[in-house]
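# Remarks on the overall topology
Here is how the chains run, residue by residue.
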Protein chains: 4
Amino acid sequence: MIIQLNPKITQAEKDAIVNAVKGLEYKTTSVKTQVGSYLVGIGKKDFDIRQLGNLSGIVDIHRVSDDYKLVSRKWKVGRTHIDLGDDVVIGDGSLSIMAGPCSIENESQVQLTIDHLVKNGVRIMRGGVFKPRSSPYAFRGLGVEGLKMWYTQARKAGIKIITEVMQVSQIAEMYDYVDVFQVGARNTQNFNLLDELGRVDRAVMIKRGISGTIEELLYSAEYVFSAGNEKLMLCERGIRTYEKASRNTMDVNAIPILKSKTHLPVIADPSHGIGIREFVEPVALASIMAGADGVIYETHQKPEEAASDGQQTLDFEESARLIERMKKIFELKESF
Amino acid sequence: MIIQLNPKITQAEKDAIVNAVKGLEYKTTSVKTQVGSYLVGIGKKDFDIRQLGNLSGIVDIHRVSDDYKLVSRKWKVGRTHIDLGDDVVIGDGSLSIMAGPCSIENESQVQLTIDHLVKNGVRIMRGGVFKPRSSPYAFRGLGVEGLKMWYTQARKAGIKIITEVMQVSQIAEMYDYVDVFQVGARNTQNFNLLDELGRVDRAVMIKRGISGTIEELLYSAEYVFSAGNEKLMLCERGIRTYEKASRNTMDVNAIPILKSKTHLPVIADPSHGIGIREFVEPVALASIMAGADGVIYETHQKPEEAASDGQQTLDFEESARLIERMKKIFELKESF
Amino acid sequence: MIIQLNPKITQAEKDAIVNAVKGLEYKTTSVKTQVGSYLVGIGKKDFDIRQLGNLSGIVDIHRVSDDYKLVSRKWKVGRTHIDLGDDVVIGDGSLSIMAGPCSIENESQVQLTIDHLVKNGVRIMRGGVFKPRSSPYAFRGLGVEGLKMWYTQARKAGIKIITEVMQVSQIAEMYDYVDVFQVGARNTQNFNLLDELGRVDRAVMIKRGISGTIEELLYSAEYVFSAGNEKLMLCERGIRTYEKASRNTMDVNAIPILKSKTHLPVIADPSHGIGIREFVEPVALASIMAGADGVIYETHQKPEEAASDGQQTLDFEESARLIERMKKIFELKESF
Amino acid sequence: MIIQLNPKITQAEKDAIVNAVKGLEYKTTSVKTQVGSYLVGIGKKDFDIRQLGNLSGIVDIHRVSDDYKLVSRKWKVGRTHIDLGDDVVIGDGSLSIMAGPCSIENESQVQLTIDHLVKNGVRIMRGGVFKPRSSPYAFRGLGVEGLKMWYTQARKAGIKIITEVMQVSQIAEMYDYVDVFQVGARNTQNFNLLDELGRVDRAVMIKRGISGTIEELLYSAEYVFSAGNEKLMLCERGIRTYEKASRNTMDVNAIPILKSKTHLPVIADPSHGIGIREFVEPVALASIMAGADGVIYETHQKPEEAASDGQQTLDFEESARLIERMKKIFELKESF
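Keep in mind that what you see is a predicted model, and the values were worked out from it rather than measured. Each chain carries its own residue numbering, running from 1 in the written order of its sequence. Chain letters and ligand numbers both follow the written order, the letters beginning at A and the numbers at 1. The predicted nature of this model means local features are confined to residues of pLDDT at least 70 and side-chain atom pairs, given and counted, to a pLDDT of 80 or more, with totals for whole chains, interfaces and linings taken over all residues. Side-chain calculation: all heavy atoms of the structure are included, whereas hydrogens and water are not.

## Some points on the overall build of chain A
Strands here are runs of E lasting at least two residues and helices are runs of H or I lasting at least four, both read from the DSSP assignment and numbered beginning at the N terminus. Scanning chain A from N- to C-terminus turns up 11 helices and 14 strands. Taking 2.2 N^0.38 as the reference for a compact globule, 336 residues should give roughly 20 Å; the C-alpha atoms of chain A span a radius of gyration of 21 Å, in line with that estimate. The principal-axis extent of the C-alpha atoms belonging to chain A is close to 65 × 40 × 40 Å. When each of the 336 residues of chain A is scored for burial, the buried share is 64%. Throughout, a contact is declared for two residues whenever any of their heavy atoms are within 4.5 Å. For chain A, the share of sequence-separated contacts (at least 6 apart) that also reach a separation of at least 24 residues comes to 68%. A 1.4 Å probe and the Shrake-Rupley method give the accessible areas. Residues count as covered only by the protein chains that appear here. For chain A, the exposed surface amounts to about 12000 Å²; the carbon and sulfur share of it is 46%. Distance between charge centroids for chain A: 3 Å, based on 43 positive and 44 negative side chains. Radius of gyration: C-alpha atoms only; globule rule: 2.2 Å multiplied by the number of residues to the exponent 0.38. Relative accessibility under 20% of the residue-type maximum defines a buried residue, over 50% an exposed one, and the middle range a partly exposed one, all with a 1.4 Å probe and only protein chains included. In this count, Lys and Arg are taken as positive residues and Asp and Glu as negative ones, while His and the chain termini are left out. Charge placement uses NZ in Lys and CZ in Arg. For Asp and Glu, CG and CD serve respectively.

Structure below.
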């Protein structure tokens, strides 16, 4: 169960509520986010919701039968809106587009990308400065210095930044230069990282694990939310299967399933999902039809010279065409 | 390599060509379909195409580096059109919709379904009379008698029939009452069945295996084509993965990949693909955006009373809405 | 539930039992195998077993909560022994070894293999005469003529034959020359083939599907058993996963799980399971430790010249060493 | 390529070698482990090994065509021995057994487990104090205080400790009380954690990822090794597949494959591998037959009361029997 507490609740009132919940043989967890205060109760016994409802200090009580609680739509039917400032909002019924290179490489690349985004009305830029690489000998990104350079240019152009954070110690050094912290597919179940991101006042996007279940993704979101951060979105980026004709198997099914289970926005990543440049567009359009709130994809001025992931990266012409088509598709879908 | 032969070729000319190809250390297979005559050469050595081109009796020669040959787009760039008669054509740039129950149950059900299809402009009805069931104790379908009853009603209404054939001996008894033979996911690599369907003058739709690769599906199509039948289409119906939130994992990625590799039409089956009624629509729409030539799905007057697969079956209201939306989506996509 | 009927039951007695079972809202199926007569009841309602037990004509009644019935150990705790004649018995607590080439190629190969088997005390020879091949252009085996040649040589040496049957029409032509019909991984759910094999008085080995579940394998066995044939064994041969370092992923876990669920013998196929020659031995030994009743593997006088599967085939020296080690391992395990 | 450097090499000599390698268009990485100094060269060009061999300061040069280098057997054919002190050595041709509860719960449990291990000659105890849990509301372990308590009791009994480390900041606080740091399946690609463990003078065991490939596991090992730590072993613990009859699919195939690719010891974890108590023994024995250097498994005085993973945990009687059988099996296998 989730009990939303009155922000002005007294300690005595809260104690009374905790005791009443424990009396039902429920384990309780206090959650204080940047938005509200909650008491999450975990237990199995059936109970009469009115018994608790009469206690003072309670705004609302909901039964949530799912094992994840605060991210469930059974509690919060309305959609979560994530406001990044400057009229950039994710999850409010508009289509969120996030585009940019796999890796941030240098100033000129960043400027060319920003120009491309501005020209096409895209407000959020993706790019990696800390790159998780299978091999220790591969390029690992420009680090925080690259991020600062990128930030300077992006802010001038009114562009928001989404980029991957790989470990707890990076959160503080990245904090001032990031609009959305991305948790990568190899860190979906890095619970310490999730806990820490729950304590930060910045939006977070969690990618589904390389072979993560939909339920595990929701649990990972519950970590961030229950640690205090409600500015949270999820990302489908393809799963690992036996089929090797595509890099991953973009699980388009996960999009409507997630939308039915959680109030959090759901973003599609067709670049990693299918991993083949010429098929990024159809998979992006399919994802929007399946219900995605946004699309994140890779674009580069010269994909064949990109520091990483060139084989799945669009050039600017392909990117511009994709943006135009995504908008048309989204508009039609919204008319249904 | 594929050598298309002149229909009026003499035996002497053909022998000369076969000898020339064998001289290149290629293994040859003669293929005579209902449409044309070909010589398929399998080998690795590089050769000068002009050497062969000068021989008489040859219409055209193509190198095909794929291991499947006759179904490859490297040979035939134009799309295969499958004409079922009465202006029902698959693969000609129109959207093919095939709908109906999982199992044919009785006359009243068939008539209700036909009325629904006619009302909504759908020309092809699906339904099973031979049902492959994991358990020997489950309902196995009405058999040929059910097919005849269905055929009688469908023909009156101008509706074409697609239904599953499970074994060689059924082909003859079903032949007169079927417009498209469907090869189910458990029979994708039933090579004897494929061989026999290659000898029949009826359209065939091959479903991808339960965990079949895209390449295996193309090979299975090559069996039918090389045995003589060019009226062939493929169907993506979801693959088996670790994820159990959906019945199968509809592999939307397979659609654009197949379209790039083969000239055969590609049909999407969202009912089996995701297997959950409320999500059939988004996955169907996504499949069209991904490039499908058609959609096959399950509908029933009362899904909760269906003899099988009720949990993934649309009622007629949902079906009518889906048809309308698919058409709009397809039209927009075609405008790109 | 499974009701074992008295072989001398009268029709009136049987009718009375069927009626009583239907009265419990159970669906009944009469099963007459080469060994006994049964009535299988499918239903969910709880019932008092004594109610039925008093009826005449009944030998025994068992509740079986699994969805498969006749192959379940909940009904038959004792192990199934399959007697192939000439003191060759599978499942009786001895280790069954089946070895031979992937494909039967010619007389000399057959004789060399038989000599190798006789020398090493192996009584069952494997080999394919009908080969399921992904590509229609690949070698499809010598067919029935090859089988006859093989049979002649094998009988002289007291060697039993196990070989794959691919379709219903082959059963009759193969019948006289086969000791065990093998159902391949692509046909595990070819239900018509299973039904027909249930009507034959020959042992059957069903391989697990390419991505078949353990439960589906048991259901497929139920098809054969309920159609009349109790001489039945199962084979784990590796499943399809994302891991490509091995050809398949030999699922050693399936062996003890199957042994706990069914009374049928379980055979391991390490050649297809891991698919890499140098690792066939460790996987074979591991399978015995996991509880397999037997091992089937590929051996050839010159693996590098084998018509198919050479990369996973042992030469005779490796084969002889494996046989010796398997016997030692099995003996130690049996002493536990 | 891997160049082993003379420990007394001068900077000038090293610079000359680096320059020579760069002259071959190879990227170089200097690696200094607790054991030796190496120069790892990454490139594709063929070269004459004698050209480099003449330079002073070089002990040895090896071509290594694998993408992982220092963990490859192509460089180091001899097996890595990991000496934990007090005559506890892993990888030296003896069988290493590691047993204990999933979670460290309290003093009494720890003492009972230690008594059981001592009685049965087991020298290494497993147990979790930091537990990665899918749900934020589940028990997360006793933390460092639990570890200290455990350490005190274990040291008195001469027992070594292996336990999971989840994040970089825990390494320092755990360091004094740990003999082997375990990297869990959710952290196999937590590259920052791997880097840091490379800088520590403690043995490390890396578990294969939940759906990690064998190659990715070797790359992860390369991270630790190339950051300085050669005391490294790998652990197969089951992979995620479509099959749900077992918790995971223990990939016994991975054991001989890993042993052929790397000089590092390979440990099997049947408890997580199959995840069902009654089948832990056959899978453990199978893993030894497949070539494992050791086995790690869960045991508890009362599995049904364990704080976590009770369904896959052996009681002490089962554990004692398993130990005895593993030793017999290992002895027989070593005699081959």
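## What to know about the relation of the copies chain B and chain A
Superposing copies: least-squares fit, C-alpha atoms only, residues required to have pLDDT of at least 70 in both. Turning chain B through 180 degrees and shifting it by 0.0 Å along the axis lays it on chain A, with an RMSD of 0.0 Å. Taken together, the turn and the small shift mark the pair as related by a two-fold rotation axis. Considering only C-alpha atoms, the part of chain B nearest the rotation axis is B:A286, at 2.0 Å. Mapped onto chain A, 100% of the interface residues of chain B again fall at the interface, so both copies present the same surface.

## Description of the pairing of strand β2 (residues 27-32) of chain C
Residues and elements named next belong to chain C. Sheet topology places β2 next to strand β3 (residues 37-42); 6 bridges connect them, and they run antiparallel. Looking at the pairing, K27 lines up with I42 of β3. Here β2 hands over to β3 after 4 residues, the two strands then running antiparallel side by side. DSSP bridges decide pairing: two strands pair if at least two such bridges lie between them.

## Some details on the sheet that holds strand β1 (residues 2-5) of chain B
Residue and element names in this part refer to chain B. An order of β2-β3-β1-β4 is seen for the 4 strands of this open sheet, with the pairing classed as antiparallel. Strand pairing shows two members of the sheet lacking a second neighbour, β2 (27-32) and β4 (58-62), which therefore form its edges. Mean inter-strand twist for the sheet, computed between neighbouring axes without regard to direction, equals 20 degrees. Both β1 and β4 contribute to a ladder of 4 bridges, which runs antiparallel. Each residue of the ladder has a partner; that of Q4, found in β4, is D60. The angle between two axes is taken between their N-to-C directions and runs from 0 to 180 degrees, where each axis is a line fitted to C-alpha atoms and a helix contributes only its stretch in contact.

## Some points on helix α10 (residues 280-289) of chain A
Residues and elements named next belong to chain A. Burial analysis of α10 places 10 of its 10 residues in the buried class, which makes it a mostly covered element. The complete set of buried residues in α10 reads V280, E281, P282, V283, A284, L285, A286, S287, I288 and M289. Two residues or fewer past α10, G291 is found with a positive phi of approximately 115 degrees.

## Concerning the interface of chain A and chain C
Contact residues are listed per partner, giving 4 residues for chain A and 4 residues for chain C. For the pair chain A and chain C, the summed buried area comes to about 340 Å², and 77% of that belongs to carbon and sulfur atoms. Taken as a group, A:R240, A:Y242 and A:K244 account for 95% of the area that chain A buries against chain C, more than any other trio of residues on that side. In what follows, salt bridge is the name for a side-chain nitrogen of Lys or Arg lying within 4 Å of a carboxyl oxygen of Asp or Glu. For the interface between chain A and chain C, the tally reads 0 salt bridges. Here a polar contact is recorded for every N or O atom pair within 3.5 Å, except that within protein the pair must consist of a potential hydrogen donor and a potential acceptor, and residues adjacent in sequence are included only if both atoms are side-chain atoms. The tally of links from chain A across to chain C stands at 2 residue pairs in polar contact (both at pLDDT 80 or more). Following the grouping adopted for this structure description, the nonpolar residues are Ala, Val, Leu, Ile, Met, Phe, Trp, Tyr, Cys and Pro, the charged ones are Asp, Glu, Lys and Arg, and the polar ones are all others, Gly among them. When the residues that make up the side of chain A that touches chain C are grouped by side-chain class, the tally is 1 nonpolar, 1 polar and 2 charged. Put simply, buried area is how much 1.4 Å-probe accessible surface two parts lose in total, over both of them, once they are put together.

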